[in-house]
Structures are given as C-alpha cells and as structure tokens.
Amino acid sequence: MPIPIRKLIAIGIVLCFFLPLGGCYDATEIDEEVYALVIGVDKGVNNMVRITFQYATYKDGGGGKAGGGGSDGGGSEESGEVDGTIVSTVEASSLLGAINLLDAAVNRQISLMHAKMLVFSEEYAREGIARYVEPLARFREVREFMRVVVCKGKAEDFIMENKTFIGTNSAKNIELMFEQSKNSGYFPDVFFNDFYIALLAPYGQSCAIYAGVNDFQHFPQDTGGKNPPLNTKQDMEPGDIPRKGGTKNELFGTVVFDGDKMVGSLTPDETRFFLMGIGEFRRGFFVLEDPEKPGFIFVIEAELSKSPKMKGNMEGGRPVLDLELTLDADIVSIQSRNSYENLDHIKGLEKIIEDYFTTGLTKTIERTQQEWNSDIFHFGKKIAGEFQTIQEFEQYNWLSHYKEAKISTQVNVNLRRSGYIYEAKPIRGTSEGGQGST
Amino acid sequence: MKKQQGVLQQALALITYKKTKRPKTFTLAEMTKGQDQGVPMSSSGDSSNKQGLSNNQEEDKEQQQSENRKGNQYESQDESQNESHNKEQDKPSLGTPRRRRAKKPLSASQVRSNRTEGDKVRADIVSNLQLIKQLFGVPQNKDLIIREFEIGNKKRAFVAYLDGMADKQIINNYILRPLFNMERSDPQEEKRPGQLTGVSLGSVIETNDTKNLDSIEKVAAEILKGNTALYVDGLPYFITCETIGFDKRGVESPKTEGIVKGPQEAFSENLRTNISLLRRIIRNSSLITEFFEVGEKTSTTIAVIYLKDVVNPALVKEVSRRLTNIKTDFLVSAGMLEELIEDTPFTIIPTILSTERPDRAASHLVEGRVVIFVDGTPFSMIVPVTMNELMHSPEDASLKWQYTSGLRLIRFFAFLAGSMLPGIYIALTTFHREMIPTDLLIAIAKAKENVPFPTLVEILLMELGFELIREAGIRIPGIIGNTLGIIGALILGDAAVTANIVSPILIIIVAVTGLSNFAIPNYSLAFGVRLLRFYYILAGTLLGFYGIALALIGFVLMLVNLKSFGIPFFSIIAPKNKKSKDVIFRWPLWLQESRPDFLNPLDRQRQPEIAREWAQQDADEA
C-alpha cells in the first residue's frame, strides 16, 4: 500500500509542476483582448492594403445608461469612436500584419474571434480579393459565420457609419442588420464560409452583399404640385435610396463575382429572384401594378412553399436546366378594391403573379449568363451529375460554359390568404364613383 | 500480475486505485433459492422473530467470537431458550476456530473472550462482589450501583446496575420488591435454603427477560447495556434482568431528508426504536436482525437487518465478515463505521447509502439490500448501492412517476452543474472565448474591466466565500445561522461586485453551483461534488475544455472501478445489466416487476406481470 500512495504523490507533484507550464500558457483573460466586430479592407496608398477594425470598448454606459445615442462625444472623428466602439485603420502589407501594427497603439490584442462582417471596398473587389481572403480562411481565429460585404466607396467610410441607433449594442446591431435579408430579400446573407467555398468550387461562383453609404442626397426637396410617377421597381444601387434619418449604411443588392473579382451587381429586385432561385428567399412584399386599373397597385407577400426543384442534363453537349419554384402568396393590399380574391378571379391573379415571377427569374438568370457569365445560382451542381468523374467535370469547365446553358424556369404561385378583407366594397362618398385611394 | 506492465496500465491502475498486488475482492455471485443452504446463512434466523430481538444479542456476540458460522447449530440454540444447554454447546463450537486462528493477531473481542475463561463466576458472593467491583473500578467509579440485601433464609444477594442506564422503576417494582416479598410469602423456601435455584428466582423476578450467565465478562456487558445483574449467594451464575431504560430522543421528523409527500418520521439514536420503525413497515417473519459488537472500548452494538428470503446470502456473509473483522477501539457513528467497511476508502464518492428515513431503508430491504444500524446514530447505512440510488430521493416513490422522472433529470443536471460549472466558466473565458455569444462576451469584459484579478482568483475568492458561509452557517447558533446564509451571500456578493473584486456574472455562476449542490439528494454525494468542483476548476484553468474532458475521463474511470460490497458502482450502465424501470426515468410502479438485477437476489420477481389485476376484470361481474 505505501508504494502506490508514494507514486500518487510523485505523480501529483509532477503534474503540479508541469501542467501549468503546458496549459496556462495559452490562457487569456477576456478583458485582455479586444474583439474586432468588423474588418474592412481598402486599397492602400503607401502599402498594399488599409485594414479597418471596429472593436467594442469596455466603457461603462454601453450597457445600461442612455448614452450619447446618435452623435457621440466630441472628437469622435479623430479618435474613431463610434457608439461604444472604436474604428481604427492601419495601412499594412497584409491583414494579419495590420493586427500586429495596431498593437503599437491599441493596448490590447485585437482578436478576430468575434468578427461578424468583412467589408471590401468595391474598388478592391474589382481588382481581386483572393490574396487577402486566404489568410482569413486559414487563420484559426476567423469564424465561418462572418458576413462578406462589398461596399461602394471606401470600406473605412462604411465602417465609420456603422453606428447603433436603436440600441447601444454594436454586435447585436450588426447581427440583426443581416437578419433583415430574411424580411425583404433585397440582399443575400452571405457567410464567409460559403463565399470561400464558392471561390474554389468548379460548379459555381461567389456572391456577396452589396452595401453603400447613403449621404441622404438622393432625397430631393419637395417640389410640390406635380403628380409623382408610380415606380414599382427597385433597381437602385446601395446608397441611392431616397431617404433620410437613421443610419447611413445600406445593404442593398448582390455583388456578383467571377473568380475572385467583382464583375457586377444584381439590383435588389434581381436579388430577390436570385434568392428564390437558390431557395433562400424567406419572405417579402411584392408591389405589382393593377392589370385592370393602371396607376393602381396590389401588394402580395410571397414566400417559398417548397425548396426549388432544379433539374439538369446535357443535351448534345449543351447543358439544359429546369428550375421550378413554388411560391405561397398572401394578398396584402388591392388598391383598386377589385375582388381579385374571389375564387372566380383568383386563377387570373395567380397567372399575373406567376408571369411576373417567371419573367423576373428568367431575366435575372439571363443577366448572369450574358452579362457576367457567372453562375452564382450554382446550377453546376446539377450538371456535375452528368459527368462520370469529377475530373471530367473539371475538365469540361462548367464556369466558362455557363452562358451556353439553356435554362427554363417555371414558377407556380398559390394564393393562400386574402387578409381580413374579402370582396372589398367600394368606398362611398358624395363625389361620383368614390374610388378608394389606398 | 507480472511486474512488466505497460505504462498506460500502470497509470490506469493508479487512477483507479487498483493495486498491482491485492487480495481477492468480494464479488456478488448469483444465487438461487435452492443454493442458499450451501452458503452458511446467518444464524439467528427465525427465532429472533418469534422471541423478540433482544434475545439474540448474546448468541450474536458468541458468533462474533467464533467467526465461523455454523448455521444449523446456532439455529437450534435459538430455538431452545435454555441457557444451560446453550453453555454446553458453546465450548466445542468456540474451541476449534479459536485455536486455528491463533497465529493471527487477536481481535479486541478475542482478547476479551480469552480473558473470560478465567473469569468464571464463583459460587460465593464475596468473590463475585469483588470481581464486579474490580471490573468496574467501583470505589472510583460512581456510576455502578450495588445494592446488597438478604433474601430467604438470610441469604446474601446483591443487584448491580449502572445509574442512568437502567430504569429504577423496574428495578424497584419488579426485581427488588418480588424478591423481598418472596421472603415473607414463601415459608417453604426458608425451610430448604439450599434449594434456592435460578429457576425459582426466574419465576419470582417480574421483568420480561432474564438470563443466567456464568461469565463475569458477559455480566459486565449486560450491565453496560443498562440491564441489572442479580447475584444470590451460592449460585454459580448471575441472573441478568432486562431493565434498559435511559433517556432517549423520541421519533421526530427527518432533518436532512425532509420531503413534502410521504411519511414524516426518522430514525433516532436508539437502536431498538430504529429496528421497530423498520419492523412496523415490513411485517414479515423473514426480516432478520443480527447483532455485532465493534469497538474495543465502546462495544457499540451494530445491527444488520435483511430479508432472509430476498437477499443474496453471500452479501450477508460479506457484511458480517467485514463487521467481525474490524479492530478498532472507538465507534460511535455510522459515518465511522462507513469508513471502516467501505470497499474503496480513497474515493470521494460514497459507496454506502446513508438514510434517516425508515421508509427508504425498508424499500431497499425489500429490493434485497442489507441495512446496517449503529447504536447511537440516527442514520441507517444501506449496502450495496449504485450511483443511481444516490441520485434518488425518498420522495420519488410518493410522487407520480412523470414528476419524479422530471425531477431526476434536474438532479443529474445539478450533479453536472454543481461539479463542473465553475470549471467550464474558466475554460470558456480563458481558452474558448469564441464560444461565448459576442454580446455576453462584451458584457463580461465590461464588467471585468475594473476587476484586478484573473478569473481563477475571482472564482476561488467567491467559492471560498461561499464555503465560508456554508461552514459558518452550521456553527452559528439558531436563528442567526439560517439568516446568515441568505444575508451573507447577498451582501457578500453585492459588495464584492461593487468593490470590483469579482464580476457579476461570477456571482451567478457560484450561486447556481451552490444551488445545484443543494439539489443533490444525498448528503455525502453533495460533499463529494463540492470537492469535485475544485478538481474541475483546476482542470479547466490548466487546459480548458481539453483539461475538463481529461478530468472527466479520469473521474469516470474512477467511478466505473468503484465497488460497493461487490457491486460495480455503475451497475446497469457499466457493466450492463438487465434494464431497470427505476433508474433515471421512473416508470409507473406496476411496471417495475423485478428487483435490481445486479443485486442477484434470491427472489427476483417483485410482482407478477399484471399488478393491476382489477383493470382486467369486468367491474360489474366482480
């Protein structure tokens, strides 16, 4: 009995001496690091890149106190203080080199563990981003759920405008910003992981979120008198939305990549069709012009009821693809108060909506084919099945043959609910006809 | 085992307390009812039920001395209450084993019994009086009362008893008074003074139990129990009368195992009361009580109780083997005995279930376990047990099965949280910060901004404070003690946060850990978990989740290597046994058809497949 106890004690002593050496070496306290929430990449002037980090500060008041809300305390431009966070930009040869350069000034190590957004400037993206994506994919701290954004103008300016207006929590603000993709479908929600895989994939190309800074200059002064035209299309670029108030940042549209270079962008409307095509469209309101009363609109809320069916095969060396979507739609508004929801008319309305979606989807696909030849829909996944080996498929080089593909689309729409109103009666008044206006 | 073992094996052996050389350990063999003749069953058998429990004490002591059970012989002794007959049989049965064991060092009881042979009762009062006085050191010892008197034809006699241990009412009314009356009302006795015998005295004394003992040592043992010894000049033996009557606590409600539904009585310090509490629940003639005495100086009575037709006889044999082979001088509580008889004394997880509830002890008896009482302890010990029993609460059986199952999940969560939560917190905050949601991470960092200590020091400070409150709460008297727990924790926690000594989230961690600890139903296990906490804190601090995983593996290795009286501690899970309907998920009572498989009981079936026969009957026809 004495021998094992002695052994135990000996092992205990050894553990006491050696385990701490091997272990705590890696340990870092939470407050010894700052956590970059946003990483921005701009083209440099004297060196390759300008890296911008936005990281949260640990000052009190961010949590509970009302705080400065909109415009922060004095000198915010110079110190880079933005609503409980600090924005620092540094010019360096590489992204990770920038972290170490900033160690000279930031008194805590910048950690990328909680980076939520990676912003490239459009200028930079058009030149190719491969060189600066690689370390992000390899480095242990970077996480796959970081979103990839390409912004018009400089990434630094975009990040400087990344303010929190509703709450005080910057991290939450950023996360919820991307969640809006589910409500409108005007921009995709692209994770870094998916972005990087698509960069390498032989069956498709990458896309990213398109963003911009709105300087509120697109909000024209009231000229008065004139009847404004009806415009149901959303074909603006980010930063051009006529609005004012609130944050200046806008996520609007999709950036299309060919390889590691940005080649163009989808408009917000096209983005919706793109999201439907890849089955990631959650829901959104669609404003369509009334077929019987021009100048009047009706609004539906649509969602995918099934994931899209994609079929593909090779017919005589030419890829032929079929894309079938099934949508559920609810009627939200009929300005003309016509009873389209009546079972006698509903088929007609469904037809109109189906045509709208089919045209939109077809045009979007055509645009990616003809304008950019970039398969962001990843149709190649279906075509890959036509080849016996991956090598054959790679040899075929689907990405270059994408524009030759014959892609037919079909959209089935089921109108499900008509809202609280069924067969609306006209609004009565003394004036003749008394047509409703909203 | 050979010397050349793999390093891994040696390391495993160290972790799991397995010695390279060790005596064969006890494993519980499977038994059927037919087989139990082969294994020497414990003695006192049926007779103890017929005659009340006290009668067997003497026999049990003798068994203890002989250490070699000869079942049939003793059973026959019990049936015949004749003490002289008993004496005749004693000698041959005692002689052989003692001689055979002479090489080994003698146990306390053996030393005592060796001495006894020279201490035979003489047939004259003077020397006997001298013997008793000498034994108890009478001029100095003021507790022993010796009342000398004369009965019959001026025959000298005396009674001896311990003041405070014996009931004086009984001595006065039922021993002394009849003896004095005999003098007056029995003229025949005066004519034939030499004829005064134990038999006639026995019919005079009105107490319910008398014994004729010819050994001074045994007489002393009886006196020590609170009985009264009577000696009449000329007799070759003492007559002891049962007069036990000391102050004792009544049956009260449980202190540590309080429940809402179910019986509200608990064991007390008195052995007799405790056994009667059990007998009141299990009214079965095969409920056997055996007595042992442990402790050279204290001679503490230990009762072993089991259901003869259910329990595996090998288990009873093993329990009595361990009890008879304890050499110690002082034993007053079940906790001390636990340390002396448990399989692996180095583990921090208890392998003996301790309960103060008769209903709980009874339920385990019926399952085929053995209950051990130590006189003077209001707790019974139940052996063997597995991890699952430690996680069960006595209330489980009283509640509906759905509620119980939910509560048990909570308890297993409490076990994990109570042991691992602080360790996981340290691992998370120092090694795996990417696993904390960003908002929470920044909140923690904000709170920690002004705290000067690393997380480990924060945790240790708070745990220390918490342990202090717990320990002080027990010591601080009365009402203050109860309130101190709450007030102390509140003030300490709040003040520590305000003073920037710890971060607020840590208060939550420590509080949840503390709460979890209290949710563990077994008091000993909760203590084990309290210690385990620091083990995981160390592991988490050193190596993060990797360390916690290593620590967990080590702990589980230790657990699965534990045994409780031959039963693997993780039975049902490892080794895999027949499934039980009452482990984590408690199925309805009518589905629990068999006794625990790992106990290898003689009777495996608890109830037929259809327990609710009425449900199959036609209500109108019946």
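Numbers given to residues run from 1 along each chain, matching the order in which its sequence is written. Lettering for chains starts from A, numbering for ligands starts from 1, and both go in the order in which the items are written. pLDDT decides what is reported in this predicted model: residues at 70 or higher carry local features, side-chain atom pairs at 80 or more are listed and counted, and totals for whole chains, interfaces and linings draw on all residues regardless. Based on all heavy atoms of the structure, the side-chain values leave hydrogens and waters out of the count.

Novice: Would you explain the pattern of salt bridges in this entry?
Specialist: Two side chains of opposite charge can pair, provided their charged atoms sit close to one another. Residue and element names in this part refer to chain A. A pair is scored as a salt bridge if a Lys or Arg side-chain nitrogen falls within 4 Å of a carboxyl oxygen belonging to Asp or Glu. In this structure the tally under the stated criterion is 47 salt bridges over all chains. Note that Glu350 is salt-bridged to Lys347, the shortest N-O span being 3.6 Å. Separated by three residues within a single helix, Glu350 and Lys347 lie in helix α10 (residues 343-372), roughly one turn from each other. Each of Arg147, Glu179, Lys182 and Asp189 takes part in a single network of salt bridges with overlapping partners. Put simply, DSSP marks the helices as runs of H or I at least four residues long and the strands as runs of E at least two long, and each gets a number from the N terminus on.

Novice: How should I be thinking about the packing of helix α9 (residues 268-277) of chain A against α10(A) in this particular structure?
Specialist: Packed helix pairs are characterised by how far apart their axes lie and by the angle those axes make with each other. All names here are of chain A. Every angle, taken between N-to-C directions, lies between 0 and 180 degrees, and every axis is a line fitted to C-alpha atoms, over only the stretch in contact when it is a helix. At a minimum axis separation of 9 Å, α9 and α10 run at an interaxial angle of 90°. Taken together, the axis directions place α9 and α10 in an arrangement best described as roughly perpendicular. Contact residues: α9 offers Glu270, Phe273, Phe274, Met276 and Gly277, while α10 offers Tyr356, Phe357, Gly360, Leu361, Thr364 and Arg367. In this classification, the charged set is Asp, Glu, Lys and Arg, the nonpolar set is Ala, Val, Leu, Ile, Met, Phe, Trp, Tyr, Cys and Pro, and all remaining amino acids, among them Gly, are polar. Of the residues that constitute the contact of α9 with α10, the class distribution is six nonpolar, three polar and two charged. Should an angle lie under 35 degrees it is considered roughly parallel, over 145 roughly antiparallel, and from 65 to 115 roughly perpendicular; all remaining angles are considered oblique. Should any heavy atoms of two residues lie within 4.5 Å, those residues are considered in contact.

Novice: Looking at this structure, I do not really get the state of the cysteines. What am I missing?
Specialist: Throughout, disulfides are identified as pairs of cysteine sulfur atoms within 2.5 Å of each other. The final tally for this structure, using the stated rule, is zero disulfides over all chains. With no disulfide of its own, A:Cys151 lies closest to A:Cys207 among cysteine sulfurs, the gap being 17 Å.

Novice: Looking at this model, I keep getting lost on the pairing of strand β11 (residues 284-289) of chain A. Mind explaining?
Specialist: Regular strands place side chains that alternate from one sheet face to the opposite one. Residue and element names in this part refer to chain A. Remark: exposure states derive from per-residue accessible area (1.4 Å probe, protein chains only) relative to the maximum for the residue type, with buried under 20%, exposed over 50%, and partly exposed in between. By the alternation rule, side chains of β11 split into Gly284, Phe286 and Leu288, which are all buried, and Phe285, Val287 and Glu289, of which none is buried. A pair of strands is labelled paired if DSSP reports no fewer than 2 bridges between them. Sheet topology places β11 next to strand β12 (residues 297-304); six bridges connect them, and they run antiparallel. Paired with Gly284 across the bridge in β12 is Ala302.

Novice: For this particular structure, what's the right way to read the sheet that holds strand β7 (residues 300-307) of chain B?
Specialist: Picture the strands of a sheet paired through backbone hydrogen bonds; they go either parallel or antiparallel. Residue and element names in this part refer to chain B. The five strands lie next to each other as β6-β7-β9-β10-β8, forming an open sheet whose pairing is antiparallel. Bordering the open sheet on either side are β6 (287-294) and β8 (353-355), each of which pairs with just one other strand. Averaged over all neighbouring strand pairs, the angle between strand axes comes to 25°, with direction disregarded. Where β8 meets strand β10 (residues 380-383), three bridges bridge the pair, whose relative direction is antiparallel. The residue bridging Leu353 from the neighbouring strand is Ile382, located in β10. Across the face of the sheet, helix α13 (residues 313-324) comes into contact with β6, β7, β9 (370-374) and β10 while running at roughly 20° to β6.

Novice: How do you make sense of a nonpolar patch on the surface when you look at a structure like this?
Specialist: Patches in this entry comprise residues that are over 30% relatively accessible and not in a salt bridge; like charges within 9 Å are linked, as are nonpolar side chains (Val, Leu, Ile, Met, Phe, Trp, Tyr) within 5 Å. Residue burial considers only the protein chains on display, and all accessible areas are found by Shrake-Rupley using a 1.4 Å probe. Side chains of A:Ile5, A:Ile9, A:Ile13 and B:Phe346 sit close together on the surface and give an oily, nonpolar patch of about 360 Å² of accessible area. For B:Phe346, the position within the fold is in the loop between α14 (334-341) and β8. B:Phe346 sits in the partly exposed class, given a relative accessible area of 46%.

Novice: I would appreciate a short explanation of the packing of aromatic side chains in the present structure.
Specialist: For any pair of aromatic rings, the description consists of the separation of the ring centres together with the inter-plane angle of the planes. Stacked, tilted and edge-to-face are the three classes assigned to paired rings of Phe, Tyr and Trp, where Trp is represented by its six-membered ring and a pair needs centres within 6.5 Å; plane angles under 30 degrees give stacked, over 60 edge-to-face, the rest tilted. Counted according to the given criterion, the structure contains 28 aromatic pairs over all chains. Each ring, one from B:Tyr523 and one from B:Phe527, has its centre 5.1 Å from the other, and the planes form 80°; the classification is edge-to-face. Placement of both B:Tyr523 and B:Phe527 in helix α22 (residues 523-561) is noted, with a separation of four residues, approximately one turn of the helix. Grouping aromatic residues by their ring pairs yields a cluster made of A:Phe273, A:Phe281, A:Phe286, A:Tyr356 and A:Phe357. One residue, A:Arg272, lies across the ring of A:Phe286, its end atom 4.2 Å from the ring centre. Between B:Arg322 and the ring centre of B:Phe565, over which it is positioned, the NZ or CZ distance is 4.2 Å. Counting as a charge over the ring demands two things of the Lys NZ or Arg CZ atom: a distance within 6 Å of the ring centre and an angle within 35 degrees of the ring normal.

Novice: Explanation requested: the domain arrangement of chain A in the structure shown.
Specialist: By a frequent convention, interface size equals the accessible area lost on bringing the separate parts together. Residue and element names in this part refer to chain A. Each domain's extent was defined by an automatic or database domain assignment. In terms of domains, chain A is made up of domain 1 (28-266) and domain 2 (269-438). Centre-to-centre separation of domain 1 and domain 2, based on C-alpha positions: 30 Å. At the interface, 29 residues of domain 1 touch 31 residues of domain 2. At the surface where domain 1 touches domain 2, the tally comes to zero salt bridges. Distance and chemistry together define a polar contact, namely a pair of N or O atoms within 3.5 Å, with one atom able to donate a hydrogen and the other to accept it when in protein, and with adjacent residues in sequence counting only for side-chain atoms on both sides. At the junction of domain 1 and domain 2, the tally comes to twelve residue pairs in polar contact (both at pLDDT 80 or more). Contributions of two or more residues to the side of domain 1 that touches domain 2 are made by α7 (170-184), β9 (249-258) and β10 (261-266). Broken down by element, the residue count for the side of domain 1 that touches domain 2 peaks at five residues, all from β9. Taken together, the residues of the side of domain 1 that touches domain 2 sort by class into 13 nonpolar, 13 polar and three charged.

Novice: Help me understand the interface of chain A and chain B, please; the structure alone is not making it clear to me.
Specialist: Opposite the 34 residues of chain A that make contact, chain B presents 25 residues. In this description, buried area is defined as the sum, over both parts, of the accessible area (probe of 1.4 Å) that is lost when the two are combined. Interface area for chain A against chain B, summed over the two sides, is near 2,600 Å², with a carbon-plus-sulfur share of 66%. Of all residues in chain A, A:Glu29, A:Ile30 and A:Tyr58 give up the largest surface area on contact with chain B, accounting jointly for 23% of the area buried on that side. For the pair chain A and chain B, the number of links is three salt bridges.

Novice: What exactly am I supposed to notice about the sheet that holds strand β3 (residues 210-213) of chain B here?
Specialist: Residues and elements named next belong to chain B. The strand order β1-β2-β4-β5-β3 describes an open sheet built from five strands, whose pairing is antiparallel. Lying at the two open borders of the sheet, with one neighbouring strand each, are β1 (144-151) and β3. The sheet shows a mean angle of 25° between the axes of neighbouring strands, taken without regard to direction. Examined bridge by bridge, strand β4 (residues 228-232) and strand β5 (residues 238-241) share three bridges and lie antiparallel to one another. Within β5, the residue paired with Thr228 across the bridge is Cys241.

Novice: I would appreciate a short explanation of the nonpolar core in the present structure.
Specialist: As a rule of thumb, nonpolar side chains are buried together in soluble globular proteins. In these notes, a set of buried Ala, Val, Leu, Ile, Met, Phe, Trp, Tyr and Cys residues joined through side-chain atoms within 4.5 Å is what counts as a nonpolar core. In this structure, A:Ile39, A:Phe53, A:Phe120, A:Phe357, A:Phe379 and A:Trp398 are the most contacted members of the largest nonpolar core, which totals 124 residues. In this structure, this core is formed jointly by two domains, domain 1 (28-266) and domain 2 (269-438) of chain A, each of which donates at least three residues. Leave out the neighbours within four places in its chain, and A:Trp398 touches A:Pro202, A:Tyr203, A:Pro319, A:Leu321, A:Asp375, A:Phe379, A:Gly380, A:Ile383, A:Phe393 and A:Ala405. The next biggest cluster of nonpolar side chains, apart from the first, holds 42 residues, and it includes B:Leu277, B:Leu278, B:Leu307 and B:Leu532.

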